[in-house]
Structure formats: C-alpha cells, structure tokens
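Geometric and topological summary
As a plain string of letters, each chain reads:
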Amino acid sequence: LSSFMCDDAAVYGRVQAPELSKVPILMMHGEADRFIRPSWGRGTFERLQSSGVDVDFVSVPGLQHEMNSKEIQLLRDWLFKTLQLD
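What you are looking at is a predicted structure, and each value in this text was computed from that prediction instead of being measured. (Residues numbered from 1 in each chain as written. Predicted model: local features only at pLDDT ≥ 70, side-chain atom pairs only at ≥ 80, totals over all residues. Heavy atoms only, no water.)

It is worth spelling out the overall build of the protein chain at this point. The secondary structure content of the protein chain amounts to 4 helices and 2 strands. Listing the helices and strands of the protein chain from first to last along the sequence gives α-α-β-α-β-α. Compactness check: the protein chain gives a C-alpha radius of gyration of 13 Å against a globular reference of 12 Å for 86 residues, within 12% of the reference. Projected onto its principal axes, the C-alpha positions of the protein chain cover 35 × 35 × 15 Å. Each of the 86 residues in the protein chain was classed as buried or not, and the buried ones make up 28%. Surface summary for the protein chain: the accessible area is close to 5,600 Å², and the carbon and sulfur share equals 55%. Averaging the locations of the 9 positively and 12 negatively charged side chains of the protein chain gives two centres separated by 2 Å. (Helix = DSSP H or I, 4+ residues; strand = E, 2+ residues; numbered from the N terminus. Rg over C-alpha atoms; globule rule 2.2 N^0.38 Å. Buried < 20%, exposed > 50% of the residue type's maximum accessible area, 1.4 Å probe, protein only. Areas by Shrake-Rupley, 256 points an atom, 1.4 Å probe, with all protein chains shown as cover. Lys, Arg positive; Asp, Glu negative; His and termini not counted. Charge placed at Lys NZ, Arg CZ, Asp CG, Glu CD.)

Here you go:
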C-alpha cells in the first residue's frame, strides 16, 4: 500500500470539502521501499493530516514495495475498526 501524492495533486484541494475530510484513509508504507520513498508517504500523510483529513499512517519495518501478511492483517484490522465490524 505504498502511497504518496505529488505536491500539486488535485486531491489536496478537494479534501477541504467537509464531507470529504471525514472519509477515513489508511496509508501504509514499507520502510525499505526503494521505489516510492517512505519520506514521500510520510509527507503526504502529514499534509493530509494538517488539512484535517482523517488519515492513519503505518510504517512497516523491513517491507519493500510489496505487501506481506502482516500488512494485510493490519489492513483487515483497520477496516474492521473503521467499519465497526468487531
């Protein structure tokens, strides 16, 4: 789930709308990712968070630009919590 948005992404302007700023977002990033730098993901998270977006960021030690079972479990847990499926 390595993710980032470039500085001029249109999303930054759109998330200012009250109905969109409350949509929960999960960002996860492998600390060993050499394709999408972890600092880019953290920067996107910080910018979204400072805009009032409901965003969580999880840094996964040792993970490259891939998904593993730990990350899938974290995603599952986040979805269950966010959707109140527990």
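On to the nonpolar core, then. Grouped together as the largest cluster of nonpolar side chains are 9 residues: Ala-9, Tyr-12, Val-15, Met-27, Phe-45, Leu-48, Val-53, Val-55 and Phe-57. The contacts of Val-55, once residues within four sequence positions are left out, are Ile-25, Met-27, Phe-45, Leu-48 and Gln-49. (Core = buried A, V, L, I, M, F, W, Y, C linked by side-chain atoms within 4.5 Å. Contact = heavy atoms within 4.5 Å.)

Moving on, we come to the packing of aromatic side chains. Considering all chains together, one arrives at 2 aromatic pairs under this definition. Centre to centre, the rings of Phe-4 and Trp-40 are 5.1 Å apart; their planes meet at 45 degrees, and the pair counts as tilted. With Phe-4 in the segment before helix H1 (11-14) and Trp-40 in helix H3 (residues 38-50), this pair connects stretches of sequence that are 36 residues apart. Between Arg-47 and the ring centre of Tyr-12, over which it is positioned, the NZ or CZ distance is 3.7 Å. Sitting above the plane of the Phe-80 ring, Arg-76 keeps its charged end 4.0 Å from the centroid. (Phe/Tyr/Trp six-rings, centres within 6.5 Å; stacked < 30°, edge-to-face > 60°. Lys NZ or Arg CZ within 6 Å of the ring centre and 35° of its normal.)

For Gln-84, which is not a glycine, the phi torsion comes out positive at approximately 55 degrees. By the element assignment, Gln-84 lies in the segment after helix H4 (69-82).

The next thing to look at is the pairing of strand E1 (residues 25-30). Buried residues dominate E1, accounting for 5 of its 6 residues. Note that the unit made of E1, H3 and strand E2 (residues 55-60) has a crossover that is right-handed. (Right-handed = clockwise from strand over helix to strand, strands pointing away.)

Here the focus is the pattern of salt bridges. Tallied over the entire structure, the rule returns 1 salt bridge. One salt bridge connects Arg-76 with Asp-77, and the closest N-O pair in it is separated by 3.5 Å. (Salt bridge = Lys/Arg side-chain N within 4 Å of Asp/Glu carboxyl O.)

Bringing the environment of Phe-80 into the picture now. One can find Phe-80 in helix H4. In this structure Phe-80 comes out as partly exposed when scored by relative accessible area, which is 26%. The contact partners of Phe-80, leaving out residues within four places of it in the chain, are Leu-85 and Asp-86.

Any functional reading would require information that these geometric values do not contain.
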